[in-house]
Amino acid sequence: MTVSSTDPLWRIYTTLAQYPILRTRIRARMRKALFERGIISPQEFEALVREHAIRSQQREGVPRYGDPEEVWETRRDRVRSHLTDLYFAYHLPLELFEQIVREVLAEKAPHAADVDIIFNPEFASEELLIEHASMFVQMSPAERQRQAAREQELKVVLIRRLISDQLAYVSLARRWLTLEDLLYIYKRKIGPGKIGGKAAGMLLAHRVLMRAGDEDIQATVRVPESFFLGSDVMYAFMAHNGLMRWADQKYKSRAEIEANYPQLREEFLQGRFPEDIEQALRDLLRQVGQHPLIVRSSSLLEDNFGASFAGKYDSYFCANQGTPDENLGALVQAIAGVYASALAPEPLLYRQARGLLDYDERIAILIQKVQGEAFRDYFFPQAAGVAFSRNLFRWSPQIRMEDGFVRLVWGLGTRAVDRVGDDYPRLVALSHPLLRPETTAKEVRRYSQRAVDLIDLQANTFRTLPVHQVVDRRYPGLRFIFSLDAGGYLTPLHSTFLLRDKIHDLVVTFEEWLQRTPFADRMRRMLRLLEDAYERPVDLEFTARIPNPHEPNPDVEITLVQCRPQSTLESQQAALPEHVADEQVLIDTHNIVPQGVVSEVHYVLFVTPEGYYRLGTPSQRARLIHAISALNARWEDTPFICVGPGRWGTRNPELGVQVTYADIYNAKALVELASTRFGTYAEPSFGTHFFQDLMESNILPLAVDLDDPRTRFNRAFFYDLPNRLTEFLPDAPPELQAVLRVLRAADYRPQGTLRIVSNAAQGRALVYFAP
């Protein structure tokens, strides 16, 4: 900004409203001049500010302590500015004011004199905090160093105001985030409130890698273009649409929560935003154009230390291919769907189980550009997944737990974190990325990805399609992601020329991706840096792409989607007993197992595979789930384990028992029985959101392959003991008793209880009777 010598400086000063940082700097120096000349002391000045602020409350009829904290501080800021102008005008010459204005306008950057000694960050408005942060980032390095303590205070207050007040997060974030990062957040935040845990974790992880990583990591790691809807906007949305009557859902009974939710969700989906928020969303859509978006929850508790809320709230993809009004309508409905999911049964019961029910859990919204590229009529990334800095499942003694683990999929990462259908991600031990759990080509194909999640640009929606319906020989990353089933063995694709009839012989393996690119080594180093910074294991969700697939040394770019502390079982020694008589063994499984011990189990809740797969209707399965949930609630202080067919927690009831975390959170272990007789495989769920719930609650997950000749399964215990279901659920109908068996350990061995020892290094778990 330039100033002509003929411009009246008073007029310039009064028009500086469009330059708030300059006005703040000028007023700070004006007050400094008043204090240095003894016209008024800082203490006297602040006393006057307080007195006039109280008078303004009285004129408005506001009780003395009736202002919310931010309103009170805004009131004081305005009074302070007015008194500064008034005292300076009455007591000091115009020439001094001209000198201050010229000095500030001539300076390239603010300096220490502009830092207001009266300004208290703890009580300041968000706008004033941002003004001072903007001044700091414009200071010279030397000036900034002299104000290091003041900058640190300002940074901590902004972290608490914009991001999170969780002390564990604040302590970590203040060491890594910069004022520049916080200003970036502020510029992309819509509406009041914090941006929540998911957004916070992503930004913090990126900053850690940019500061601690080597040039290789710094050049190839990024975050998606993101926007943040402040957490307070949720209440504004509810108030605007008459939805505040649902705010007490968390204190209702489970039956009421479940009965109310369909109506609650429908009312949320019909809501609209206040005009200012809706206009901000229009501006956002104009800025991103027709790029697909994902709308994600970012609650105040989410991705916290000790409670990840993994998968508890809904996320929605917006294809964003319609007219501006259609795209806005889809975006608003997606945000409303996320808000409604905060009051759904599963997250409320999860909060109850974790002792977090009384916390004011407002939901911020993270809106991101979907990462990927267009291919044919579809949009999706070359690879996506979830990575863990600690590998809790070792399928070979060679694997180093501390080097980490990845679940890798082709397409959108939803298939890496959910237990979906008869579909499997590529499991990667980062210490030995080419060492697979499977040993034969037949097993590799069986445990491979069969469907891909993507955005259908023509249909303007999210879809799941068979892999072979999407891929063709023109796909850029074909040879890195797929192998060819050549009849009994898998071979790399040395040429992209494929006959049409070979498409169905392609298998998603990521073999060349892991062998020819730096992905595994880079991910391992990233996870180590993040674990060192967080001072605990971490997991992160990501997308990845090969930008130069035709070059001799292809590279990989990795985009961070979120990062949080990794949930793990309590660390325990798990020495398998050397001599256990056959009649004492309940289950002996040789599989990929975690490390853990469970002692003094009194009851087994057994879902019989034969009975389960005879349940022919959704209502019959719902009665089974309701019974399991009722037993779980009743046995809060009774040690029990669950044993049943297929995948516990799957979304497909044909593949296993369709429980949620809220149905089994009191269990000590979850045992999954697999057999070709009922069409399920013993695949560990490590890395899914459901698995995260088990880890947080210290529930030991075990997969048992009944077709493995080494497996021991005590049928006499499971099928011959008396069923005590009606002792706990007297109204259980006979058809339910044929499916759900409640077995008491003392009925088999009166002086014994069950003990589970699971040894990850040996790949073996034993469930047996102990004295």
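Everything here concerns the structure above.
(A) Looking closely at helix α13 (residues 233-240). Buried residues of α13: Val233, Met234, Phe237 and Met238, and no others. Looking down the long axis of α13, one finds its buried residues gathered within 140° of arc, a one-sided arrangement. In this fold, the buried residues of α13 make contact with β1 (189-190), β3 (226-229), α14 (254-269), α15 (275-288), α16 (324-341) and β6 (363-369). Count one or two residues on from α13 and you reach Gly242, which has phi positive near 65°.

(B) Region of interest: the packing of helix α8 (residues 148-162) against helix α10 (residues 179-187). Put simply, α8 and α10 touch, their axes get as near as 10 Å, and they point 30° apart. One element, α8, and the other, α10, form an angle in the roughly parallel class. Crossing handedness for the pair α8 and α10: left-handed. Residues Glu151, Leu154, Lys155, Leu158, Ile159 and Leu162 of α8 lie in contact with α10, whose contacting residues are Leu179, Leu182 and Tyr186. Looking at the contact of α8 with α10, its residues break down into seven nonpolar, no polar and two charged.

(C) Highlighting the pattern of salt bridges. The full count for this structure, using the stated rule, is 52 salt bridges. One salt bridge in this structure joins Glu258 and Arg254, with 2.8 Å as the shortest N-O distance. A residue pair is termed a helical-turn pair when its members lie 3 or 4 positions apart in one helix, as Glu258 and Arg254 do in helix α14 at four residues. Among the residues examined, Arg254 registers a relative accessible area of 25% and is labelled partly exposed.

(D) Structural detail: the nonpolar core. Membership of the largest hydrophobic core comes to 84 residues, with the highest contact counts inside it found for Trp410, Phe482, Trp513, Phe519, Met523 and Phe542. Sort the elements by how many residues they give to this core and helix α11 (residues 197-212) lands first, with nine residues. Core analysis: the second largest hydrophobic core is formed by 38 residues, Phe227, Leu331, Val332 and Leu343 among them.

(E) Local environment of the sheet that holds strand β25 (residues 712-713). Pairing is antiparallel across the open sheet formed by five strands, whose spatial order is β20-β27-β28-β19-β25. Each having just a single partner strand, β20 (596-601) and β25 make up the two edges of the open sheet.

(F) How the structure looks around the packing of α8 against helix α9 (residues 167-176). Running from amino to carboxyl end, α8 crosses α9 at an angle of 135°, the nearest separation of the two axes being 10 Å. In terms of their interaxial angle, α8 and α9 are classed as oblique. Along this stretch, α8 crosses α9, giving a crossing that reads as right-handed. Side by side, α8 and α9 meet where Gln152, Lys155, Val156, Ile159 and Arg160 of the first sit next to Tyr169, Val170, Ala173 and Arg174 of the second. Among the residues making up the contact of α8 with α9, the classes are represented as five nonpolar, one polar and three charged.

The rules behind each value
- Residues numbered from 1 in each chain as written.
- Predicted model: local features only at pLDDT ≥ 70, side-chain atom pairs only at ≥ 80, totals over all residues.
- Heavy atoms only, no water.
- Buried < 20%, exposed > 50% of the residue type's maximum accessible area, 1.4 Å probe, protein only.
- Helix = DSSP H or I, 4+ residues; strand = E, 2+ residues; numbered from the N terminus.
- Arc of directions from axis to C-beta.
- Contact = heavy atoms within 4.5 Å.
- Axes fitted to C-alpha atoms, helices over the stretch in contact; angles between N-to-C directions.
- Parallel < 35°, antiparallel > 145°, perpendicular 65-115°, else oblique.
- Left-handed = near helix turned anticlockwise from the far one by under 90°.
- Nonpolar A, V, L, I, M, F, W, Y, C, P; charged D, E, K, R; others polar.
- Salt bridge = Lys/Arg side-chain N within 4 Å of Asp/Glu carboxyl O.
- Core = buried A, V, L, I, M, F, W, Y, C linked by side-chain atoms within 4.5 Å.
- Pairing = 2+ DSSP bridges.

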